[in-house]
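So you can see what is in the structure, the chains are spelled out below.
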Amino acid sequence: MLSTQSRPVIEATLPIIAERISSITPKFYQRMFAARPELLDGMFSRSNQKNGTQQQALAGSIAVFATYLVNNPETTPETMLARIAHKHTSLGVVEEQYGIVYEHLFAAIAEDLGDALTPEIADAWTEVYWLMAQALIKIEKGLYAQQANATIYSNWKLVERTETGVDSVSFSFEPADDTAATVAKPGQFVSMRMPMTDGIRQVRQFTLSNDVQSTTRRTVTVKLDVDGEFTPVLHNSLKVGDVVELSNPYGDLVIDTEGSPLVIATAGIGCTPSAAALQTLAAAGSTREITVLHADQEFASWPLREQMLESLGQLPNAKISTWFERGELPEGLDAKAGYMDLTEALTADSQVYLCGPLPFMHAVRSQALAAGVPAERIHYEVFGPDVWLAA
Ligand code: HEM
């Protein structure tokens, strides 16, 4: 809870911090990586540093947290904290590291604000930082405690690669050591850590697309990003028999096997959580009412379509509609040309799940809101740092 002394100080300085934060965070990362270069080997993503999305996400989250505390001093923004905590635990962030981030973040704030940073302002923002840090540490400890093992990464051997759609591959792994594996939930992801061509390790999170509840097999489906750093190594170098490091499964956007009607709207490779959910619900004999909506460039580019259609065939109360930007429309499937229209799929009590590129999610989220679905029933998964946290 934010103290009564700090509250007016935060309120008064929020606009200036919000305005300066985009110049504070690059200074923070420069300082932190100069002092702790090891954080760039297997922890922070070099690509996200380069494109600025991680800086934007962190900056946004602190400003959102402070604004939230000012308006709701008794509570914390659970959804945002959960998203960050699940990402952190998949990377192995631990309590001791919060002191490192604090030291370099506040040195960067002091450098940026100069004399404008009075001791009173520094104290108030220190309080906000530690309130947020303590909330995250608590959630993160709880998440670590739920795992079947006490390690961050264990070794998994690639046993199968299957091309699917265009430029996407499903990679299936089996344990390569005797670490006990946690049972995942549909919608969750794992972190994968691999050395890049210069030997520096990088990490990416991938949603499990199949074998969700297996403890002896993990499958992720990954689209190649030719301009990226990680996926070209994964697609072009990883052979059957090779070993990678995978984290335990994390992610708070979980799809339950029973409950109110479900609408899952996805585009492109964003269908991975949908495929995982359909596979798990079919295996559980779920009778949940499910409407699956998928948009893609063309029918052939839709990844995991065979798996999704097979699962749909086993679900008595599930149906699917698809939209394609070009190419011939498939027969025997509800398929339309053009962009997705979510409206017809909605019922008064639908839970809506979205996953795909940000412009797609903006568009379909707006459709759902305009149709009267309350914001708390619209869930979404962003691949990469969640720049919506700043919105
Ligand atoms: C990611 C906030 C402390 C390491 C993130 C994200 C946010 C965030 C918003 C992006 C989440 C997403 O949308 O994917 C914070 C805040 C902190 C904090 C507010 C302190 C109160 C830490 C600490 C570490 C850490 C102590 C460990 C040194 C990371 C890493 C990522 C991340 C490695 C993923 C970044 C990437 O791959 O680019 N954090 N964090 N964070 N955080 Fe933190």
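Residues numbered from 1 in each chain as written. Predicted model: local features only at pLDDT ≥ 70, side-chain atom pairs only at ≥ 80, totals over all residues. Heavy atoms only, no water.

**Points about the overall build of the protein**
Then step 1. A count of helices and strands for the protein gives 10 helices and 12 strands.
Then step 2. At 22 Å, the protein has a C-alpha radius of gyration in line with the 21 Å of a compact globule built from 391 residues.
Then step 3. For the protein, with 391 residues in total, the buried portion stands at 53%.
Then step 4. Put simply, of all contacts in the protein between residues at least 6 apart along the chain, 75% involve residues at least 24 apart.
Then step 5. In the form shown here, the protein has an accessible surface area of approximately 17,500 Å², with 53% of it arising from carbon and sulfur atoms. (Helix = DSSP H or I, 4+ residues; strand = E, 2+ residues; numbered from the N terminus. Rg over C-alpha atoms; globule rule 2.2 N^0.38 Å. Buried < 20%, exposed > 50% of the residue type's maximum accessible area, 1.4 Å probe, protein only. Contact = heavy atoms within 4.5 Å. Areas by Shrake-Rupley, 256 points an atom, 1.4 Å probe, with all protein chains shown as cover.)

**Quick notes on the sheet that holds strand E5 (residues 218–223)**
Then step 1. Spatially, the six strands close up into a barrel ordered E1-E2-E5-E4-E3-E6, and their pairing is antiparallel. Recorded for the sheet is a direction-independent mean angle of 45° between the axes of neighbouring strands.
Then step 2. Relative to strand E3 (residues 189–195), helix H7 (residues 230–237) is tilted by about 80°, and along the sheet it contacts strand E1 (153–164), strand E2 (168–175), E3, strand E4 (201–210) and E5.
Then step 3. Sheet strands in contact with helix H8 (residues 272–283) are E4 and E5, and its direction is about 40° off that of E4. (Pairing = 2+ DSSP bridges. Axes fitted to C-alpha atoms, helices over the stretch in contact; angles between N-to-C directions.)

**Things to note about the coordination of the iron atom of the ligand**
Then step 1. Just one protein ligand coordinates the iron atom of the ligand, and it is His88 (NE2) at 2.0 Å.
Then step 2. As for its position among the elements, His88 is in helix H4 (residues 78–91). (Donors = N, O, S within 2.8 Å, 3.2 Å for Na, K, Ca; no water.)

**Description of the UniProt feature "domain: FAD-binding FR-type" (unreviewed entry) in the protein**
Then step 1. Per the UniProt record, the feature "domain: FAD-binding FR-type" (unreviewed entry) sits at residues 145–256.
Then step 2. Note that residues 145–256 is 8% helix and 43% strand, and that its end C-alpha atoms are spaced 22 Å apart. (UniProt positions renumbered as here; feature names shortened; annotations may be inferred.)

**Examining the packing of helix H1 (residues 6–35) against helix H6 (residues 119–145)**
Then step 1. At their nearest, the axes of H1 and H6 sit 9 Å apart, and the two run at 95° to each other. Judged on the interaxial angle alone, H6 and H1 are roughly perpendicular. Across the interface between the two elements, Ser6, Val9, Ile10, Thr13, Leu14 and Ile17 from H1 touch Glu120, Ile121, Ala124, Trp125, Glu127 and Val128 from H6. (Parallel < 35°, antiparallel > 145°, perpendicular 65-115°, else oblique.)

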